[in-house]
Amino acid sequence: MSKTSKIRRRSFLKGAAATLALPVIVREGVIARNGKPGANDRIVIANIGVGGMGRNHIRPDSAALCDVDENHLAEAAKRVTEGTPALYRDYRRILERKDIDAVTIATPDHWHALMTVHACQAGKHVLCEKPTAKTILEGRAMVNAARHYRRVVQINAQGRSHPNARLACNYVRNGMLGRIRRVDVWHPPNFQPDTWGEPQRVPSTLDWDMWLGPAPWAPYHPKRCHFHFRWFMDYGGGFLRDRGNHALSIVSWLTDNDGYRGRVTVEASGTEFREGFFDVPATLHVKWEFQDPEWTLTWTQPGTPNPRFPGDWGATYTGDRDDLVVLAGDGGCDVEQKAKDYKPPSDGFQAFESPGHFQNWLDCIRTGEKPVMDVEIGHHVVTLCNLGNIAWRLGRKVVFDFSTERFVDDPVADRFLHEPYRSPWSLAGF
Amino acid sequence: MEPGWLLTKIREKEMNGKMTASRLLEAIRGADADARWSAAENAADAGAEAIPELAQVMGGNDPEKAKAARVAMERIALASTAPGKEELRRSVSGALADVARGDGALAARRQAVRLLGFAGGAEACDTLAALIGQKDLREDARMALQRIPGNAADRALEQAARKAPAGYESALRRSLRDRKITRRDAGIR
């Protein structure tokens with residue numbers, strides 16, 4: 001990077017930081033061009049959150065990059081080889097730009113809903129990292145915003161674009177296991193903390209207040225921040241809502257549960273980390289019981305891999321006639337050979353063959369169709385994860401009704417449907 | 001189908017029987033870490049009586065004991081919110097409000113305020129409204145009030161907004177508005 005561009009970037013960030021105290025405003029007129037882009041039109045993309053998973057979203061021609069960590073921005077800028085991206089610390093500056101059609105969001109979980117809702121209101125299509133949302137109401141808000149503002153919102157639980165997951169889906173949905181009775185997911189425990197998190201000085205390159213955003217205030221510590229936010233309930237939700245979002249996405253797809261609107265009974269048990277400041281459970285066992293059709297889903301960490309087809313994490317699908325092991329559920333999805341060898345009948349179920357998760361999103365922006373991991377599916381899947389964590393925290397069995405998106409006869413469980421935000425953030429009236 | 005570690009935990013709980021406040025506090029303050037964590041994780045039945053002393057332990061200088069006390073306080077508070085336990089919930093809410101109003105460690109007071117968002121009802125609203133006057137607890141108290149359904153919390157937020165320190169009224173007005181968000185209009189301007 002040249003000296004000139006460094007200076008320009010630094011002075012911009014200084015200016016952006018000065019605007020952070022402004023109220024949340026996306027101007028009414030700031031909407032990307034109406035209608036769908038043509039097949040040959042360039043879709044102008046900006047990336048919000050460019051460390052961690054966000055690095056993978058950067059395009060050679062990304063028009064703008066945003067991150068609250070200046071180091072992330074500097075690294076990310078090197079990945080843009082066609083043109084010079086504008087660099088921002090505040091995502092609202094990206095949403096104000098009329099020339100940007102679509103954004104990717106790869107921030108910690110507690111930002112996903114606000115940024116997606118804001119982006120839809122500003123007329124941008126969205127590719128949002130999993131897990132979809134931190135709370136059940138946030139997930140619903142994302143669906144509402146996508147539909148109301150007619151935007152394509154894809155959740156980046158990319159297992160639904162994986163060829164092996166599609167083969168598994170064809171195998172199960174064509175009845176090769178008979179009727180599914182249970183699905184058991186196993187996973188290693190959450191990461192063990194190695195510090196009590198004594199407050200540390202915020203690095204000069206990081207905007208800690210903006211990193212926290214809508215989450216309750218907490219002092220800075222590097223293991224509360226990048227990557228490790230997963231181990232705090234205020235920002236993440238442990239592996240259950242992290243990789244569990246991948247695993248349960250595949251479960252929901254294979255069991256044809258995406259459109260389930262009945263009740264589910266959820267109970268959870270686990271243990272705490274005795275040492276260190278992470279507050280997600282060290283070990284966790286969750287059981288979801290569905291009705292009509294009746295079947296049971298479990299999540300166990302640490303769980304025991306299926307010896308027939310072992311892997312770090314995966315699920316055993318048990319039906320009346322047979323069972324099947326599917327490993328992982330993200331970009332590393334794998335399935336037993338019998339599913340790979342299976343040829344669905346010509347009149348049988350054929351799962352959608354995705355051209356790749358990102359490409360599917362771009363295609364849908366052009367066609368207006370729903371993407372393979374549409375935000376409504378993402379909301380359904382992450383609700384299962386969130387229900388597990390809510391049952392764990394409450395320490396009792398809860399019944400959730402997907403048709404009303406409320407708990408049954410448990411008004412205090414309903415208080416978990418949404419986490420109030422730190423001022424000035426709000427899920428309404430941007 | 002339950003994993004082995006969970007079966008062990010269930011057996012351990014059955015053998016120990018119902019947790020009492022005195023047993024919980026003895027285990028949390030004691031030297032045996034296994035006993036401490038077994039007690040903290042099974043603290044649900046210990047009731048409001050244990051809360052003041054748990055708050056004291058949270059302010060102590062042993063981080064592991066403080067964490068166990070925080071876990072126990074949360075288990076007691078959330079267990080009291082189960083349907084059909086109104087009397088228990090009110091007593092727990094009262095004990096949490098005493099901690100929140102008191103002069104103990106800030107970490108314990110913040111935890112009590114946050115838990116009042118779940119275990120608190122109309123009886124907790126005046127306490128929470130008063131705490132909005134304290135800078136270190138203001139945001140936690142506002143968020144707890146936002147979470148509590150009913151007219152008492154509305155009135156408390158209104159009252160707090162009228163007396164709010166300079167620049168904070170808008171946050172309270174936003175909480176009043178956000179309490180009305182439904183699943184139908186969430187995310188729509």
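Analysis parameters
Residues numbered from 1 in each chain as written. Chains lettered and ligands numbered in written order. Predicted model: local features only at pLDDT ≥ 70, side-chain atom pairs only at ≥ 80, totals over all residues. Heavy atoms only, no water. Helix = DSSP H or I, 4+ residues; strand = E, 2+ residues; numbered from the N terminus. Rg over C-alpha atoms; globule rule 2.2 N^0.38 Å. Buried < 20%, exposed > 50% of the residue type's maximum accessible area, 1.4 Å probe, protein only. Contact = heavy atoms within 4.5 Å. Axes fitted to C-alpha atoms, helices over the stretch in contact; angles between N-to-C directions. Parallel < 35°, antiparallel > 145°, perpendicular 65-115°, else oblique. Left-handed = near helix turned anticlockwise from the far one by under 90°. Nonpolar A, V, L, I, M, F, W, Y, C, P; charged D, E, K, R; others polar. Buried area = accessible area lost by both parts, 1.4 Å probe. Salt bridge = Lys/Arg side-chain N within 4 Å of Asp/Glu carboxyl O. Polar contact = N/O pair within 3.5 Å; in protein donor to acceptor, adjacent residues only side chain to side chain. Pairing = 2+ DSSP bridges. Disulfide = S-S within 2.5 Å. Right-handed = clockwise from strand over helix to strand, strands pointing away. Expected span 1.5 Å × (residues − 1). Phe/Tyr/Trp six-rings, centres within 6.5 Å; stacked < 30°, edge-to-face > 60°. Lys NZ or Arg CZ within 6 Å of the ring centre and 35° of its normal. pLDDT = per-residue confidence, 0-100.

(A) Region of the structure containing the overall build of chain A. Of regular secondary structure, chain A possesses 12 helices and 15 strands. By the compact-globule yardstick of 22 Å for 430 residues, chain A fits well, its C-alpha radius of gyration being 22 Å. With the C-alpha coordinates aligned to their principal axes, the bounding extent of chain A is approximately 65 × 55 × 40 Å. The buried share among the 430 residues of chain A stands at 64%. Across chain A, the fraction of contacts at a sequence separation of at least 24, relative to all contacts at a separation of at least 6, is 69%.

(B) Just the packing of helix α4 (residues 109-121) of chain A against helix α5 (residues 136-148) of chain A, in detail. Residue and element names in this part refer to chain A. Direction vectors running N to C along α4 and α5 enclose 15 degrees, while the axes themselves pass 9 Å from each other. When the axis of α4 is compared with that of α5, the two are roughly parallel. Considering only the axes of α4 and α5, their crossing is left-handed. Residue-level inspection shows His110, His112, Ala113, Thr116, Val117 and Cys120 of α4 in contact with α5, the latter providing Glu138, Ala141, Met142, Ala145 and Ala146. Residues that form the contact of α4 with α5 fall into these classes: 7 nonpolar, 3 polar and 1 charged.

(C) Broad picture of the interface of chain B and chain A. At the junction of the two partners, chain B supplies 49 residues and chain A supplies 59 residues. At the boundary of chain B with chain A, total buried surface from both sides reaches about 4500 Å², with 52% on carbon and sulfur atoms. Of all residues in chain B, Trp5(B), Arg183(B) and Arg189(B) give up the largest surface area on contact with chain A, accounting jointly for 19% of the area buried on that side. For the pair chain B and chain A, the number of links is 6 salt bridges. Arg183(B) is paired through a salt bridge with Glu405(A); the nearest N and O atoms lie 3.2 Å apart. Our count for the contact surface shared by chain B and chain A stands at 31 residue pairs in polar contact (both at pLDDT 80 or more).

(D) Representation of the sheet that holds strand β1 (residues 45-48) of chain A. All names here are of chain A. Read across the open sheet, the 6 strands follow the order β3-β2-β1-β4-β5-β6; overall the sheet is parallel. Either end of the sheet is taken by a strand with one partner, and the two such strands are β3 (86-88) and β6 (153-156). Between one strand axis and the next, the sheet turns by 15 degrees as a mean value, whatever way the strands run. Of the strand pairs in this sheet, strand β5 (residues 125-129) and β6 are connected by 4 bridges, and their pairing is parallel. Each bridged residue has a counterpart across the sheet, and for cysteine 128 the counterpart in β6 is isoleucine 155.

(E) Inspection of the sheet that holds strand β12 (residues 323-327) of chain A at higher detail. With mixed pairing, 9 strands are arranged side by side in an open sheet as β13-β12-β11-β7-β10-β9-β8-β14-β15 (chain A). If you trace the sheet from one side to the other, it starts and ends with β13 (334-335) and β15 (406-407) of chain A, each paired once.

(F) Spatial organisation of the state of the cysteines. All names here are of chain A. Using the criterion set out here, one finds 0 disulfides over all chains in the structure. In this structure cysteine 120 is not part of a disulfide, and its nearest cysteine sulfur, from cysteine 128, lies 9.9 Å away. Its sulfur unpaired, cysteine 333 is 11 Å from the next cysteine sulfur, which belongs to cysteine 169.

(G) Molecular detail of the pairing of β5(A). Residues and elements named next belong to chain A. Counting buried positions along β5 gives 5 out of 5 residues, so the element sits mostly inside the fold. Judged by which residues are buried, β5 turns out to be covered on both faces: His125, Leu127 and Glu129 on one side and Val126 and Cys128 on the other are all buried. Bridge count between strand β4 (residues 102-105) and β5: 4 bridges; the pairing is parallel. Bridge pairing in β5 links threonine 104 to leucine 127. Taken together, β4, α4 and β5 constitute a β-α-β crossover, and its handedness is right-handed. Since β5 and β6 lie parallel, the crossover through α5 that links them has a hand, and here it is right-handed.

(H) Region of the structure containing helix α10 (residues 151-163) of chain B. Residue and element names in this part refer to chain B. The end-to-end C-alpha distance of α10, which contains 13 residues, comes to 18 Å, matching closely the 18 Å that a straight helix rising 1.5 Å per residue would cover. Looking only at α10, the buried set comprises Ala152, Ala153, Ala156, Leu157, Ala160 and Ala161. Looking at the packing, one finds that the buried side of α10 touches α8 (125-131), α9 (138-147) and α11 (169-178).

(I) Molecular detail of α11(B). Turning to α11(B), its buried residues number three or more, namely Ala171(B), Leu172(B), Arg174(B), Ser175(B), Leu176(B) and Asp178(B). In this structure, the buried side of α11(B) is in contact with α9 and α10 of chain B.

(J) Expanded view of the environment of Thr296(A). All names here are of chain A. Inspection of the secondary structure puts threonine 296 in strand β10 (residues 295-301). Look at threonine 296 and you get buried, because its relative accessible area is 15%. Linking threonine 296 and aspartate 312, residues 16 residues apart in sequence, is a C-alpha distance of 22 Å. Look past the residues within four positions of threonine 296 in its chain and what remains in contact with it is Arg181, Arg182, Val183, Lys287, Trp288 and Glu289.

(K) Spatial organisation of the packing of aromatic side chains. All names here are of chain A. All told, the structure shown has 23 aromatic pairs over all chains when counted by the stated rule. When the centroid spacing of 5.2 Å and the interplanar angle of 90 degrees are considered together, the rings of phenylalanine 400 and phenylalanine 402 count as edge-to-face. Both residues of the pair, phenylalanine 400 and phenylalanine 402, count as buried. Linked through ring pairs, Phe191, Trp208, Trp211, Tyr220, Phe227, Trp231, Phe232, Tyr235, Phe239, Phe277 and Phe278 together constitute an aromatic cluster. Above the plane of the ring of phenylalanine 358 lies arginine 59, whose end atom (NZ or CZ) is 3.9 Å from the centre. In this arrangement the basic side chain of arginine 224 is found over the ring face of phenylalanine 232, its NZ or CZ atom lying 4.9 Å from the centre.

(L) Region of interest: the confidence of the model for chain A. Here chain A averages 92 in pLDDT, while 91% of its residues score no lower than 70. In this model residues 1-31 of chain A is a low-confidence stretch, pLDDT under 50, and it forms 43 contacts with partners more than four residues away in sequence or in other chains.

(M) Geometry of the environment of Leu157(B). Residues and elements named next belong to chain B. Secondary-structure assignment places leucine 157 in helix α10. A relative accessible area of 0% places leucine 157 in the buried class. Considered as a pair, leucine 157 and alanine 129 are 28 residues apart in the sequence and their alpha carbons are 6.6 Å apart. Setting aside anything within four residues of it in sequence, one finds leucine 157 in contact with Arg142, Leu145, Gln146, Leu172, Ser175, Leu176 and Arg179.

(N) Layout of the confidence of the model for chain B. On average, residues of chain B score 95 in pLDDT, and 99% of them are at 70 or above. With a pTM of 0.93, the predicted complex shows an ipTM of 0.96.

(O) Representation of the packing of helix α2 (residues 21-29) of chain B against helix α3 (residues 33-41) of chain B within the structure. Residue and element names in this part refer to chain B. One way to put it is that α2 packs onto α3 with a least axis distance of 7 Å and a crossing angle of 140 degrees. With respect to their mutual orientation, α2 and α3 come out oblique. The chirality of how α2 crosses α3 is left-handed. Contacts between α2 and α3 pair Leu24, Ala27 and Ile28 from the former with Ala35, Arg36, Ala39 and Ala40 from the latter. A class-by-class count of the residues in the contact of α2 with α3 yields 6 nonpolar, no polar and 1 charged.

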